[in-house]
Amino acid sequence: MAERPSIAIETVLDWAYCEAKVWWQTVGRSIEEKAESLISPRTGSILLQEAIQGILKLGYQSHQKGNDFEFPVLLGTLWKVRLGKWGLNHLREKMAAYSVLYEDLMIRFGESGDIRKMGGSLYDNPTWSHRWRDLALSNGLTDLRKEIDAEQHKAGLGKIKKDNNTDIWKEPIGLADAFARSNWIVENNVFEQESIEGVGEEVYVTLPHISVGVTPDLIRTSGEDLVYEKHYYGIRPPRMKDLLGDYTIKALFSAKQEDSDKEASSVFVRHLMSGKMIHMKPRRAAGINEIESMASAVQRRMNAMDFSGPRMVNGWDACGNCDYKLLCFDGEGIMQHYNLPLSGRISLADDLIAEMGQQLKGYTEEQKEIGIIFARVFLPFVAQNPGMTKDQIDWLITGI
């Protein structure tokens with residue numbers, strides 16, 4: 001039986017938002033890693049997720065060996081190693097100061113703090129408020145963020161756009177905020193290592209024509225029950241309406257671990273910035289029809305490396321606060337520098353040439369000539385049907 005093609009729901013949703021996000025994770029990552037000595041292109045949000053997932057994995061692995069370490073210790077070690085790798089050790093003192101000032105402001109805007117909206121309610125997103133902007137400017141937080149983020153390109157993040165009219169608190173987070181938020185998250189969350197069964201492990205929804213992967217941040221057990229936990233990193237708490245419409249959550253409702261028939265009895269959503277948990281009872285098969293059609297369509301496009309123009313061709317504001325914004329606008333811009341549609345075709349051609357060279361090693365020149373005649377008939381058909389899977393191509397060849 002032919003193996004089903006597989007794609008991650010996170011990739012499907014990134015593609016739906018802007019193909020450049022997927023390009024940075026595939027073709028762009030490969031290009032940049034070669035050029036920058038294995039410093040992968042990343043965003044501030046990815047850097048934050050890497051830090052939290054990193055310490056959860058270290059904690060889980062240590063616990064498996066009978067050693068338990070405090071998460072603040074693991075986080076401090078992780079950042080020390082990474083800053084050393086990137087040649088940014090000289091920023092450690094500034095980053096520590098930034099984290100303290102950031103925490104002080106977050107506390108003032110929190111439930112036990114003294115800052116409220118006019119009606120007395122809490123700010124959903126304090127960093128977007130005029131009060132935050134004014135206080136951050138007066139206590140030196142804004143200047144520290146600019147100084148730290150000015151060197152974030154050494155860690156693979158996009159260079160900061162020098163524009164005095166830009167409100168940095170409404171722009172994607174950078175190195176400074178990734179560091180400060182990671183400390184805040186560790187202080188405001190309790191992770192019970194005893195119940196953790198997996199960290200960042202992909203689980204799967206098996207559909208008739210495609211397998212869709214989805215990654216819970218934690219897989220936990222509660223007695224005999226299996227529990228998936230999804231983490232939200234944004235400052236604004238997620239609304240139940242948004243969670244019910246989130247296709248990542250819908251996929252988790254029906255996902256199973258590889259080689260297992262056991263389904264999760266609960267999905268928990270953890271808002272990391274507040275430490276609050278939302279319990280969601282799985283609704284089996286929710287959104288399955290849409291997930292399968294979206295996944296199949298994106299899989300075809302990805303097989304063909306069919307990237308089109310990214311959002312950024314419509315200007316800076318069109319990208320909103322997308323995490324990849326700084327990477328896409330860095331220097332002359334992603335389109336002028338890389339030309340997404342062309343780079344996709346070049347990458348596909350490079351892979352094809354390498355694979356053909358490997359496959360033809362043991363053939364004579366006469367046999368190769370027969371292959372060329374066949375290719376001249378077959379390739380135009382493939383060109384008219386982009387995104388064909390390997391199994392589909394095998395099926396066509398066996399019919400000749």
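Numbering of residues begins from 1 in every chain and follows the order in which that chain's sequence is written. Local features are withheld for residues below a pLDDT of 70 in this predicted model, meaning they are given only at 70 or higher, and side-chain atom pairs are given and counted only at 80 or more; totals for whole chains, interfaces and linings count all residues. Hydrogens and water molecules were not included; the side-chain quantities draw on all heavy atoms of the structure.

A.B. asks: Would you mind showing me how to read the overall build of the protein here?
C.D. replies: Summing up its helical and strand segments, the protein has 17 helices and 8 strands in all. The C-alpha atoms of the protein give 24 Å as radius of gyration, which agrees with the globular expectation for 400 residues (21 Å, within 12%). With the C-alpha coordinates of the protein rotated into their principal frame, the extents come out at 80 × 55 × 45 Å. Within the protein, the proportion of its 400 residues that are buried is 44%. We call two residues in contact whenever any of their non-hydrogen atoms come within 4.5 Å of each other. Considering only residue pairs separated by 6 or more positions, the protein has 70% of its internal contacts joining residues 24 or more positions apart. Here the protein contributes 47 positive and 56 negative side-chain charges, whose respective centroids are spaced 4 Å apart. Under the scheme used here, helices are H or I runs from DSSP no shorter than 4 residues and strands are E runs no shorter than 2 residues, and both carry numbers assigned from the N terminus. Restricting the calculation to C-alpha atoms gives the radius of gyration, and the globule rule supplies 2.2 Å times the number of residues raised to the power 0.38. Residue burial is assigned from relative accessible area. The probe radius is 1.4 Å, only protein chains are included, and a residue is buried under 20% of its type maximum, exposed over 50%, and partly exposed in between. Neither His nor the chain ends contribute to the count of charged residues, in which Lys and Arg are positive and Asp and Glu negative. Working definition for charges: the position is that of NZ of Lys, CZ of Arg, CG of Asp or CD of Glu.

A.B. asks: Got a minute to help me understand the packing of helix α5 (residues 71-85) against helix α9 (residues 175-187) in this structure?
C.D. replies: When two helices pack together, their arrangement is given by the angle between the helix axes and the distance between those axes. Here, axes are lines fitted to C-alpha atoms. For helices the fit covers the stretch in contact, and angles between N-to-C directions go from 0 to 180 degrees. Where α5 contacts α9, the axes come no closer than 9 Å and their chain directions differ by 165 degrees. Looking at the two axes, α5 sits roughly antiparallel to α9. For the pair α5 and α9, the sense of crossing is right-handed. Seen from α5, the contacting residues are F71, P72, L75 and W79; seen from α9, they are L175, A178, F179, S182, N183 and V186. Roughly parallel means an angle under 35 degrees; roughly antiparallel, over 145; roughly perpendicular, 65 to 115; everything else is oblique. Crossings are assigned a handedness: left-handed for a near helix turned anticlockwise from the far helix by less than a right angle, right-handed for a clockwise turn.

A.B. asks: Would you explain the pattern of salt bridges in this entry?
C.D. replies: Pairing of side chains with opposite charge becomes possible as their charged atoms draw close. For salt bridges, the criterion is a side-chain nitrogen of Lys or Arg within 4 Å of an Asp or Glu carboxyl oxygen. Following the criterion strictly, the structure yields 17 salt bridges and no others. For E19, the salt bridge is made with R301, and the minimal N-O distance between the two is 3.1 Å. Remark: R301 occurs in helix α12 (residues 288-303) and E19 occurs in helix α2 (residues 19-25); sequence separation between them is 282 residues. Among the salt bridges present, the one from R270 reaches E229, with a minimum N-O distance of 2.6 Å. Taken together, the residues span a long stretch of sequence, with R270 in strand β7 (residues 266-271) and E229 in strand β6 (residues 225-232) at a distance of 41 residues. The buried category is assigned to R270, whose relative accessible area is 6%. The class for E229 is buried, based on a relative accessible area of 0%. One continuous salt-bridge network, built from bridges that share partners, spans R145, D149, D177 and R181.

A.B. asks: I'm lost on the nonpolar core in this one. Help?
C.D. replies: Note that soluble globular proteins tend to have their nonpolar side chains buried in a common cluster. W79, M95, Y98, Y102, W132, L141 and L175 are the most contacted members of the largest nonpolar core, which has 49 residues in total. For this core, the secondary structure elements donating two or more residues are α4 (44-64), α5, α6 (92-109), α7 (130-138), α8 (141-149), α9 and β2 (196-199). Top contributing element to this core by residue count: α9, with 8 residues. Residues within four places of Y98 in sequence aside, it is in contact with L141, L144, R145, I148, W169, A176, D177 and A180. To qualify as a nonpolar core, a set must consist of buried Ala, Val, Leu, Ile, Met, Phe, Trp, Tyr and Cys residues joined through side-chain atoms within 4.5 Å. Residues I7, L243, A251 and A295 belong to the second largest nonpolar core, which totals 46 residues.

A.B. asks: What's the story with α8 in this structure? I'm lost.
C.D. replies: Count 3.6 residues to each turn of an α-helix, and residues three or four apart come out pointing the same way. Of all the positions in α8, only L141, T142, L144, R145, I148 and D149 are classed as buried. Buried residues of α8 fall within an arc of 160 degrees about the axis and therefore sit on the same side. Elements that come into contact with the buried residues of α8 comprise α6, α7 and α9. Directions drawn from the helix axis to the C-beta atoms are what define this arc.

Don't take any of this as a statement about function, it's just geometry.
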